[in-house]
Amino acid sequence: MSSKDAPPPLPEPLGVPVADSHTHLDMQSGTVEEALAKAAAVGVDTVVQVGCDLKGSRWAAETAAAYANVHAAVALHPNEAPRIVLGDPDGWSRQGAREAGGDAALDDALAEIDRLAALPEVKAVGETGLDHFRTGPEGMAAQERSFRAHIEIAKRHGKALVIHDREAHDDVLRILAEEGAPERTVFHCYSGDADMARICAEAGYYMSFAGNVTFKNAQPLRDALAVAPLDLVLVETDAPFLTPVPYRGRPNAPYLVPITVRAMAAVRGIDEEAMSTAIAVNTARAFDY
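Predicted, not measured: the structure shown is a model, and the values here were computed from it. (Residues numbered from 1 in each chain as written. Predicted model: local features only at pLDDT ≥ 70, side-chain atom pairs only at ≥ 80, totals over all residues. Heavy atoms only, no water.)

J.: Help me understand unusual backbone geometry in this model?
T.: Among all residues save glycine, negative phi is the norm, and among peptide bonds the norm is trans. In this model, G126 is joined to E127 through a cis peptide bond whose omega is 15°. Secondary-structure assignment places E127 in strand 4 (residues 122-131). Here A239 and P240 are connected by a cis peptide whose omega angle stands at 15°. Structurally, P240 can be placed in the loop between strand 8 (233-235) and helix 9 (257-268). (Helix = DSSP H or I, 4+ residues; strand = E, 2+ residues; numbered from the N terminus.)

J.: Sorry if this is basic, but what is going on with the pairing of strand 7 (residues 206-209) here?
T.: Residues Y206 and S208 of strand 7 are buried on one face, and the alternating residues M207 and F209, pointing to the opposite face, are buried as well. In the sheet, strand 6 (residues 185-187) pairs with strand 7 via two bridges, with the strands oriented parallel. Looking at strand 7, one finds that F187 is bridged to M207. With helix 7 (residues 194-203) bridging strand 6 and its parallel neighbour strand 7, the resulting β-α-β unit is right-handed. The pairing of strand 7 with strand 8 spans three bridges and is parallel. Opposite F209, over in strand 8, you have V235 as the bridge partner. (Buried < 20%, exposed > 50% of the residue type's maximum accessible area, 1.4 Å probe, protein only. Pairing = 2+ DSSP bridges. Right-handed = clockwise from strand over helix to strand, strands pointing away.)

J.: Please explain the pairing of strand 2 (residues 44-50) as it appears in this structure.
T.: In regular strands, side chains alternate between the two faces of the sheet. For strand 2, the tally of buried residues reaches six of seven residues, placing the bulk of the element in the interior. Traced from strand 1 (residues 18-23) through helix 1 (residues 32-41) to strand 2, the parallel crossover comes out right-handed. Where strand 2 meets strand 3 (residues 70-74), four bridges bridge the pair, whose relative direction is parallel. Its bridge partner lying in strand 3, V48 is registered against H71. You can see the chain leave strand 2, run along helix 2 (residues 54-66) and come back into strand 3, and the turn it takes is right-handed.

J.: Would you mind showing me how to read the side chain of D114 here?
T.: With respect to the helices, strands and loops of the structure, D114 is situated in helix 4 (residues 102-117). Reaching out from D114, the side chain makes a polar contact with the side chain of H157 at a distance of 2.6 Å. D114 has contacts with I153, R156 and H157, leaving out every residue within four places of it along the chain. (Polar contact = N/O pair within 3.5 Å; in protein donor to acceptor, adjacent residues only side chain to side chain. Contact = heavy atoms within 4.5 Å.)

J.: I tried to follow empty space enclosed by the protein on my own but got confused; where do I start?
T.: To find leftover empty space, one rolls a probe the size of a water molecule over the atoms. Applying the stated rule across the entire model yields one cavity of 30 Å³ or more. For the largest cavity, the full set of lining residues is L25, Q28, S29, G30, T31, V32 and A35. Residues belonging to the lining of the largest cavity are distributed by class as follows: three nonpolar, four polar and no charged. (1 Å grid on protein atoms, 1.4 Å probe; cavity = no way out; pocket = protein on both sides within 12 Å on 5 of 7 lines; lining within 4 Å. Points joined across faces, edges and corners; volume = space filled by probe spheres on them. Nonpolar A, V, L, I, M, F, W, Y, C, P; charged D, E, K, R; others polar.)

J.: Explain the packing of helix 7 against helix 8 (residues 219-227) to me, please; I cannot follow it from the model alone.
T.: The relative placement of two packed helices is expressed as an angle between their axes plus a distance between the axes. It is the contact of helix 7 with helix 8, at a shortest axis distance of 8 Å, that shows an interaxial angle of 35°. Here the hand of the crossing between helix 7 and helix 8 comes out right-handed. Along its contact with helix 7, which presents A194, A197 and R198, the element helix 8 presents P220, D223, A224 and V227. Among the residues making up the contact of helix 7 with helix 8, the classes are represented as five nonpolar, no polar and two charged. (Axes fitted to C-alpha atoms, helices over the stretch in contact; angles between N-to-C directions. Left-handed = near helix turned anticlockwise from the far one by under 90°.)

J.: Help me understand the pattern of salt bridges in this model?
T.: Close approach of charged atoms lets side chains of opposite charge pair. Scanning the entire structure with this criterion turns up 17 salt bridges. With a closest N to O distance of 3.3 Å, R83 and E80 form a salt bridge. Of this pair, R83 and E80 both sit in helix 3 (residues 80-86), three residues apart, which is roughly one turn of the helix. The shortest N-O distance in the salt bridge between D114 and R156 comes to 3.2 Å. (Salt bridge = Lys/Arg side-chain N within 4 Å of Asp/Glu carboxyl O.)

Pasting the structure below:
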């Protein structure tokens, strides 16, 4: 195994345990037990396992049912909706090449997400939203239709909404305003600037910061974190992606949350314990556990 593929070492444990508000255990190496044990060893005592397609959403619900400290979020990722409707000839997603299924196939998939969203171990509907980075104009209608449907599902079941917003800030905020956001809405891997953070704060949306808040070029993210109300701030890994500095480029996992928490505390000018306490309380409130 090259050093680039090697898992980073365990950081110093946090004094106050926190939750990883967004992780993909099904995309990480090793077992769920190993991931949870390593996380617990450094003070990460809860994780939210997030589905991106039907298979992943079912797995998230099953895993959350099996482990008390795992909560599930279920959804069709914004990039998944166009693949269902228009097909995926290149097989870019984990499911390989797919035929176009049209609107009927999207309706069927949404019905399954709706069924999963009713389960008690499922605490959120997500990650849903918009992704202008990967989906071209031809896929935007499917993406938007899927996003609106997920908002409705979250509200009907009284679950949190977890938003994936990539290069689509204005449209995401517009659709949330048009549909009426659920009571608890989380911007996962918050990617906006300080101005957007003020808009989110005004609306009461949670902002979850990932390892990229530690990246050198991420000053706009740090500026956003500096102005976000402390009671609306969460932390996440989005593992296996977005590993914090100094391990950027190596595989991420929930046990690396303390690195990001410490960076966030430094940005806020508060001690690690105050940051952890706020995050722990906020995550439990956001996901209602």
